[in-house]
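# Observations on chain architecture
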Amino acid sequence: MTIQIGDRLPAGELREFIEVESEGCSLGPNKFNVGDLTKGKKIAIFAVPGAFTPTCSEKHAPGYISQAADFKARGVDEIWCIAVNDPFVMGAWGRELKATGVVRMLSDGNADFSKALGLDADFSKGGLGTRSQRYSMLVEDGVVRQLNVEQAGKFESSDAPTLLKQLG
């Protein structure tokens, strides 16, 4: 079953490659509990089928990176990019896109979180295995307030301008 507006995000863990060691976060991949990360926060989330892929790298992620200040001005605490890639790949992709400190590049390496959302996709015909569907959502204190799931192969409703409009 696919998550719906009004649903609470499922329990899960995501990983993030940390560039600079800080209190509570060591250098390298760190594991984070989704419930802890979303508690008391408004978060714009977008998910992509894969890091370094054409639409994801040229359109989807850059839109959120370039419009991060607009999201912050509308009360969004954090922006997350989720992909079924390992945290090392997500970290490298984030560095290439200059997303560090702007968008959290979160790894769902085994697609566990994507599956729990009901937003996983089978890309095995192309040799890519299980991935995430392309989507965006607004989450407030762990509850989905907006959800935009793309049809396979499309990029029409999960872009940054659409989610910004939905913020009002």
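Quick note: structure is the one above.
Reference entry: report on the structure contained in this document. (Residues numbered from 1 in each chain as written. Predicted model: local features only at pLDDT ≥ 70, side-chain atom pairs only at ≥ 80, totals over all residues. Heavy atoms only, no water.)

### Regarding the nonpolar core
Core analysis: the largest hydrophobic core is formed by 25 residues, its most contacted members being F46, F71, I79, C81, W93, V103 and M105. Of all elements in the fold, only strand 3 (42-48), helix 2 (54-66), helix 3 (68-73), strand 4 (78-83), helix 4 (87-97) and helix 6 (160-167) reach the threshold of two or more residues within this core. If we skip the residues at most four places from it in the chain, M105 touches R15, E16, C81, M90, W93, G94, L97 and A99. If you look at the next biggest cluster of nonpolar residues, it comprises 21 residues, including L9, V34, A47 and I82. (Core = buried A, V, L, I, M, F, W, Y, C linked by side-chain atoms within 4.5 Å. Buried < 20%, exposed > 50% of the residue type's maximum accessible area, 1.4 Å probe, protein only. Helix = DSSP H or I, 4+ residues; strand = E, 2+ residues; numbered from the N terminus. Contact = heavy atoms within 4.5 Å.)

### Quick word on the pairing of strand 8 (residues 135-140)
Most of strand 8 sits inside the fold, with five of its six residues counted as buried. Taken together, the six bridges between strand 3 and strand 8 define a ladder with antiparallel strand orientation. Looking across to strand 8, one finds that A47 is bridged to Y135. Pairing geometry for strand 8 and strand 9 (residues 143-149), over six bridges, is antiparallel. In the sheet register, Y135 faces strand 9, and the bridge partner there is V149. The hairpin turn running from strand 8 into strand 9, its antiparallel successor, is two residues long, and D141 in that turn takes a positive phi close to 50°. (Pairing = 2+ DSSP bridges.)

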